[in-house]
Amino acid sequence: MSYWAILSGIEGNLAAYEAVLKEIQRQRVEALFVLGDVISPKADNEKLINRLTSPRRGELVPQVCQGWWEEQLLILHGLGRVGEPTELIDRYGIQMTKTLWDSVPRHLVQWIQSLEFGIFEFDCLLIHGSPVSVSDELTPETPPIQMLDRVMRMDANYLFCGRSGLAFEYEVQQGKVLTTVTTLDRQSEPEPTSLRPRKIIGVGNIGRTAGQATYTIYNPDTNALKFCTVRYDSAKGFQTKR
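Below you will find a few notes about this structure.

Definitions and cut-offs
Residues numbered from 1 in each chain as written. Predicted model: local features only at pLDDT ≥ 70, side-chain atom pairs only at ≥ 80, totals over all residues. Heavy atoms only, no water. Helix = DSSP H or I, 4+ residues; strand = E, 2+ residues; numbered from the N terminus. Rg over C-alpha atoms; globule rule 2.2 N^0.38 Å. Buried < 20%, exposed > 50% of the residue type's maximum accessible area, 1.4 Å probe, protein only. Contact = heavy atoms within 4.5 Å. Areas by Shrake-Rupley, 256 points an atom, 1.4 Å probe, with all protein chains shown as cover. Lys, Arg positive; Asp, Glu negative; His and termini not counted. Charge placed at Lys NZ, Arg CZ, Asp CG, Glu CD. Salt bridge = Lys/Arg side-chain N within 4 Å of Asp/Glu carboxyl O. Pairing = 2+ DSSP bridges. Axes fitted to C-alpha atoms, helices over the stretch in contact; angles between N-to-C directions. Core = buried A, V, L, I, M, F, W, Y, C linked by side-chain atoms within 4.5 Å. Parallel < 35°, antiparallel > 145°, perpendicular 65-115°, else oblique. Nonpolar A, V, L, I, M, F, W, Y, C, P; charged D, E, K, R; others polar.

1. Some details on the overall build of the protein chain
Item 1. Looking only at helices and strands, the protein chain features six helices and 13 strands.
Item 2. Relative to the globule expectation of 18 Å for 242 residues, the C-alpha radius of gyration of the protein chain, 19 Å, shows essentially globular dimensions.
Item 3. Each of the three principal axes of the protein chain carries a C-alpha extent, and together these read 65 × 45 × 30 Å.
Item 4. Considering the protein chain as a whole, with its 242 residues, one finds that 49% of them fall into the buried category.
Item 5. Restricting the contact set of the protein chain to residue pairs at least 6 apart, pairs at least 24 apart contribute 70%.
Item 6. About 12,400 Å² of surface is accessible on the protein chain, with carbon and sulfur atoms providing 48% of the total.
Item 7. Across the protein chain, the mean location of the 26 positive side-chain charges is 7 Å away from that of the 29 negative side-chain charges.

2. Concerning the pattern of salt bridges
Item 1. Evaluated as defined, the whole model comprises 16 salt bridges.
Item 2. We note a salt bridge from Asp 37 to Arg 163, for which the minimum N-O separation is 3.9 Å. In this pair, Asp 37 is assigned in the loop between β2 (29-35) and α2 (45-53) and Arg 163 in the loop between β6 (158-161) and β7 (167-172), connecting sequence segments 126 residues apart. Of the two residues examined, Asp 37 and Arg 163, each falls in the buried class.
Item 3. Members of the salt-bridge network, linked through shared partners, are Glu 18, Arg 51, Arg 56 and Glu 59.

3. Observations regarding the sheet that holds strand β4 (residues 118-121)
Item 1. Strand order in the open sheet formed by five strands is β4-β5-β6-β10-β7, and the pairing between neighbours is mixed. The sheet is open, and its two borders are formed by β4 and β7, each paired with just one other strand. Each strand of the sheet is rotated relative to its neighbour by a mean of 15°, with strand direction disregarded.
Item 2. Here four bridges tie β6 to strand β10 (residues 198-203), and the two strands are oriented parallel to one another. From the neighbouring strand, Tyr 158 faces β10, where its bridge partner is Lys 199.

4. A word on the nonpolar core
Item 1. Ranked by internal contacts, the top residues of the largest apolar core, which has 37 residues, are Ile 39 and Tyr 215.
Item 2. If you tally residues by element for this core, the top one is helix α1 (residues 14-24), at six residues.
Item 3. Look past the residues within four positions of Ile 39 in its chain and what remains in contact with it is Glu 11, Gly 12, Asn 45, Ile 49, Trp 69, Glu 70, Leu 73, Leu 100, Val 104 and Ile 112.

5. Focus: the packing of helix α3 (residues 68-76) against helix α4 (residues 86-103)
Item 1. Closest axis-to-axis distance for the α3/α4 pair is 11 Å, and the angle between their directions is 70°. As far as their axial angle goes, α4 and α3 are roughly perpendicular. When α3 is examined against α4, the residues Trp 68, Trp 69, Gln 72, Leu 73 and Leu 76 are found in contact with a partner set consisting of Glu 87, Leu 88, Arg 91, Tyr 92, Thr 97, Leu 100 and Trp 101.
Item 2. For the contact of α3 with α4, a count of residues per class yields eight nonpolar, two polar and two charged.

6. Comments concerning the environment of Glu 191
Item 1. You can see Glu 191 is positioned in strand β9 (residues 191-195).
Item 2. Overall, Glu 191 belongs to the exposed group, its relative accessible area being 53%.
Item 3. Through-space distance from the C-alpha of Glu 191 to that of Thr 180 is 6.5 Å; in sequence the pair is 11 residues apart.

Okay, here's the thing in structure tokens:
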């Protein structure tokens, strides 16, 4: 029986990432996914990226997609999906924008640019935000119609996301949606679309909270989920709480 380990939000916290790697080595994990935000403005991003791109013998090679911080860095370098770092400046100010620029050596920007926006595996979409954008933050309080829209855009049965940093399981039950198309000339007749059950899973956050890393274990054969928390300390090792 195989398992996936799904992480998000390392945010340059190498100690947290190391603690999670040691923990998943004790489980039958066959695939490791990192759903963005591997960097942050105030971290040793070079060391963290080198660790991701050069796994040790016997370790899994992580599959990584872009997160919010990666997108903001690419925008600063003129390589993003939008032209100006408006969202970054509005949220964190000019000084933090400069700090982010300085936090990643230019020779590593190409690696960040090479990351996919999302990863589709079997019937699962693994992504930082949603198919709308990396900024799209899905939570247990997100309206059902919005959740349904996000998961149906890529026709996924399971959408794993990390933008909120929360660990949650949200199910859209089976049902029907009526759709109409309105143009300048007319409005079409309502067309029913049958819905199958779908799930949106928040995978937790690795690096944001000092001493505590939360991630998700998923079994693609049975669709079983498990949220795991690793409590770690650089001086005393770590322990696991499930």
